[in-house]
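# Report on the structure
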Amino acid sequence: MAIKKGTSGWTVDSQPSGRGGRRFRKTFKTQAEAKAWEAWLKTQVNQDAKWMPERRDLRKLSDLVELWFTHHGSGLRAGQDMHRRLKAMVEAMGDPVADRFTVDMFATYRTKRLEAGLTANNMNREHAYLRAMCNELIRLGHWTKDNPLANLRQFKIQDSELSYLTLEQITSLLDALTESRNPHVGLISRICLATGARWSEAEELRGTQVRNGMIEYARTKSGKTRAVPIDERLEDDIHAHAKKHSQMGRIFGYSYSAFREGVERAGLSLPDGQLTHVLRHTFASHFMMSGGNILILQRILGHANITITMRYAHLSPEHLQEAKALNPLARLTLG
C-alpha cells in the first residue's frame, strides 16, 4: 500500500488482498483522510474473505483422478476400468493443473479423438466419466470450484439398428457352436437366448445363482438383482455342466472368442458392436413378437428406464395391427 501527495491531494494506491488481488485508488484532500481509508481497507481484508485473492489449486488433474478412485471409484463394480480410462484421458490432454482445466481443453481433446477415428458414442462415454468424477469430488468436498464440463452437451447419437436372429438363424448358430472346442459357449448362448441376459452376466454365473427354476443375476450393469424363470431342461443342463466344469464357484470359462468364431461359421452378418449382444436383442424381439408385455420385458432385461425397453415395442403384434387398421388411408377407404 502507498500514500502519495499529488497536485490534487493525497492518493491511496492499494491492493489490500496482496499481489494479484483487486487494486484500489482514491484521492483525499488531507493525509489523515487517506490514512483512515487505507486502514479501513485493511480491516475489510481481515473481516471478509471475498477481499482475499483466490488461492490457486496446484494439483494436477491426475491427482484428482487418484483422489476420486481412492474415495469413490474403488468401490464401483466398473471402477477399475473407469480409473484406467480417466488416466489415459488425462495423459492425452497433457495432465493440466486442476484449476486451469477448462471446457475448451476437453473440447479440443474431443475433436482430436474424433479425427483419429474414435466414435461419437465413445467420446460421450469419456465425457460422462470425467464429468461424473468432478461431480463426485464436489460432493465429497475435495473440489470447491464448479464442474468445468457441467454445461458441455454430448453428441446426439443416432439409434443403431437392433438386429435380432430369426428362428432359422438361431438354429444355425447353435449348430455352429456345437462344433466349437470350447465346452461352454453353446450353453452360455442358450442362457442368453432364454433369459435376455447380457453375455457377461451369463458367462460369470455361479452355481448358487441357478435354483428352483430360476436364474438370479446379481452382478448386473444397473447393480440391481433380477431373477428370470427357466425351464427344467435348461436348469438340468446348467447343473450337469457345473458338476463337470465348475471352477472356484464359476460354472463357465471365458467364451467370447469362441462365440465370434461360431457366428462366422454360421455365416451370420451382425452390426458393429452387436456380437454377443444380438442374443439379448433376439430374446427381447421374439418376446414382443410373441405378444409379451413391455413392462414385464423391462423387468426381465433389468432396464431402469422404460424408454430403453420401448425400442422393442414396435415388434408387438398388437402394435403392428393398430398401424394397419388405424392409418388415415384405411379410414378413408372405409368411409
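Structure report, in brief. This structure is a prediction, so every number in the text was calculated from the model and none was measured.

End to end, helix α4 (residues 103–115) covers 18 Å across 13 residues, agreeing with the expected 18 Å (1.5 Å per residue, within 8%). When α4 is considered as a whole, its buried residues turn out to be Phe106, Tyr109 and Arg110. Down the axis of α4, the sector holding all buried residues measures 100 degrees, keeping them to one side. Exposed side of α4, more than 90 degrees from the buried face: Asp104, Lys112 and Glu115 are the residues found there. Its buried side turned inward, α4 meets α3 (79–92) and α5 (120–140). At the exit of α4 stands Gly117, carrying a positive phi of roughly 110 degrees.

Another point: the environment of Asn212. Tracing the sequence through the fold places Asn212 in the loop between β4 (210–211) and β5 (214–217). We classify Asn212 as exposed; its relative accessible area is 74%. Distance from Asn212 to Ile230, taken between C-alpha atoms, is 9.2 Å for residues 18 residues apart in sequence.

Here we take up helix α11 (residues 277–289). Counted at 1.5 Å a residue, the expected span for α11 with its 13 residues is 18 Å, and the 18 Å between its end C-alpha atoms agrees. Counting buried positions along α11 yields ten of 13 residues, so the element is predominantly enclosed. For α11, every residue scored as buried is listed here: Val278, Leu279, Arg280, His281, Thr282, Phe283, Ala284, Ser285, Phe287 and Met288.

Another aspect to go through is the layout of surface pockets. Volume-wise, the second largest pocket comes out at about 270 Å³. Forming the boundary of the second largest pocket are Leu174, Arg190, Leu193, Ala194, Pro229, Ile230, Asp231, Arg233 and Leu234. Listing elements by their share of the lining of the second largest pocket, those giving two or more residues are α7 (185–195) and α9 (232–245). By residue number, the principal contributor to the lining of the second largest pocket is α7, which donates three residues. Its residues assigned to classes, the lining of the second largest pocket comprises six nonpolar, no polar and three charged.

Bringing the pattern of salt bridges into the picture now. Across all of its chains, the model carries nine salt bridges by this definition. Here Asp99 ties to Arg100 by a salt bridge, and the two come within 3.5 Å at their closest N and O atoms. With its nearest N and O atoms 2.9 Å apart, the salt bridge here joins Asp237 to Arg190. Of this pair, Asp237 sits in helix α9 while Arg190 sits in helix α7; the two residues are 47 residues apart in sequence, bridging distant segments of the chain. The exposure class of Arg190 is partly exposed, given its relative accessible area of 28%. Here the salt bridges do not stand alone but share partners, grouping Asp81, Arg84 and Arg85 into one network.

Analysis parameters
- In this convention, every chain numbers its residues from 1, walking through the sequence in written order.
- With pLDDT at 70 or above as the cut-off, local features in this predicted model cover only qualifying residues; side-chain atom pairs require 80 or more to be listed or tallied, and sums for whole chains, interfaces and linings still use all residues.
- Side-chain calculation: all heavy atoms of the structure are included, whereas hydrogens and water are not.
- Segments assigned H or I by DSSP are reported as helices when at least four residues long, segments assigned E as strands when at least two residues long, and all are numbered from the N terminus.
- A helix is expected to reach a length of 1.5 Å times the quantity of its residues less one.
- Only protein chains enter the accessibility calculation, which uses a 1.4 Å probe. A residue is then buried if its area is under 20% of the maximum for its type, exposed if over 50%, and partly exposed in between.
- It is the directions from the helix axis to the C-beta atoms that the arc portrays.
- Between two residues, a contact is recorded if the distance between any of their heavy atoms is within 4.5 Å.
- Points on a 1 Å grid, built from protein atoms alone, make a cavity when a 1.4 Å probe fits but cannot get out and make a pocket when they are open with protein on both sides within 12 Å along at least 5 of 7 lines; residues with an atom within 4 Å of a point are the lining residues.
- Grid points are joined across faces, edges and corners, and a volume is the space filled by probe spheres set on the points.
- Three residue categories are used. Nonpolar comprises Ala, Val, Leu, Ile, Met, Phe, Trp, Tyr, Cys and Pro, charged comprises Asp, Glu, Lys and Arg, and polar comprises the others, including Gly.
- Between Lys or Arg on one side and Asp or Glu on the other, a salt bridge is scored when a side-chain nitrogen of the former is within 4 Å of a carboxyl oxygen of the latter.

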